Amino acid sequence: AKVRELRTAQAALDDALPDRVLIGTFLIDVVALKGALHAKHEAGIDLLVQLVAARGSELSASVSAGFGEIHRRLTEKPENIEALTALEEFRAEVPRRTNALAAELEEMSSCYDA
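Everything in this summary refers to the structure shown in the same document. None of these values were measured; they are calculated from a predicted model.

### Thoughts on the side chain of K34
Moving on, step 1. Relative to the helices and strands, K34 is located in helix 2 (residues 31–75).
Moving on, step 2. According to the relative accessible area criterion, K34 is buried, its value standing at 17%.
Moving on, step 3. Among the polar contacts made by the side chain of K34, one reaches the side chain of D19 at a distance of 3.2 Å.

### Remarks on a nonpolar patch on the surface
Moving on, step 1. Taken together, I23, F26 and I28 make up a surface patch of nonpolar side chains, about 300 Å² in accessible area.
Moving on, step 2. Topologically, I23 is positioned in strand 1 (residues 20–23).
Moving on, step 3. Overall, the relative accessible area of 48% leaves I23 in the partly exposed class.

### What about helix 2?
Moving on, step 1. With 45 residues, helix 2 should cover 66 Å at 1.5 Å per step; its first-to-last C-alpha distance of 65 Å lies within 8% of that length.
Moving on, step 2. All buried positions along helix 2 are accounted for by K34, I45, V52, G56, L59, V63, G66 and I70.

### What to know about the environment of N80
Moving on, step 1. Summarising the element assignment, N80 is placed in the loop between helix 2 and helix 3 (81–113).
Moving on, step 2. A polar contact of 3.2 Å, which involves the side chain of N80, links it to the backbone nitrogen of E82.

Conventions used here
- Along each chain, residues carry numbers from 1 onward, in the same order as the chain's sequence is written.
- Local features are withheld for residues below a pLDDT of 70 in this predicted model, meaning they are given only at 70 or higher, and side-chain atom pairs are given and counted only at 80 or more; totals for whole chains, interfaces and linings count all residues.
- As a rule here, side-chain values cover all heavy atoms of the structure and leave hydrogens and water aside.
- Under the scheme used here, helices are H or I runs from DSSP no shorter than 4 residues and strands are E runs no shorter than 2 residues, and both carry numbers assigned from the N terminus.
- Each residue is assigned to one of three classes by its accessible area relative to the maximum for its type, calculated with a 1.4 Å probe on protein chains only: buried under 20%, partly exposed between the two thresholds, exposed over 50%.
- What qualifies as a polar contact is a pair of N or O atoms within 3.5 Å, subject to a donor-acceptor requirement within protein and to the restriction that residues adjacent in sequence count only when both atoms come from side chains.
- Two distance rules govern patches: like charges are joined within 9 Å, and nonpolar side chains (Val, Leu, Ile, Met, Phe, Trp, Tyr) within 5 Å, applied only to residues with over 30% relative accessible area and no salt bridge.
- The accessible surface values rely on the Shrake-Rupley method and a 1.4 Å probe; as for residues, cover is taken only from the protein chains in view.
- When a carboxyl oxygen of Asp or Glu is within 4 Å of a side-chain nitrogen of Lys or Arg, the pair counts as a salt bridge.
- Take the number of residues in a helix, subtract one, and multiply by 1.5 Å to get its expected span.

Put into structure tokens, the structure is as follows:
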């Protein structure tokens, strides 16, 4: 949403600035200034997109690792009663862990909506 907002502001700025400005007897060509402002806006937008993509990628890796860990632990075969008890305790924690991962997943989705 922020990227769209910035692109809209960039287009408004492009439309608002004329190519030439008449000041008294001087005709000033502002095309170069307009181009420089456009380039700065574009660079800022590109940096924002890269930042959002990097954050989304980090969150994606974290969520994937979290679900991978849950899967790994649930598919382990207990060798003794202590391991079975630990597995049962872990199984009881799975809903809490998946809720936390779902919240991270929602945050990751919001990154891509930006």
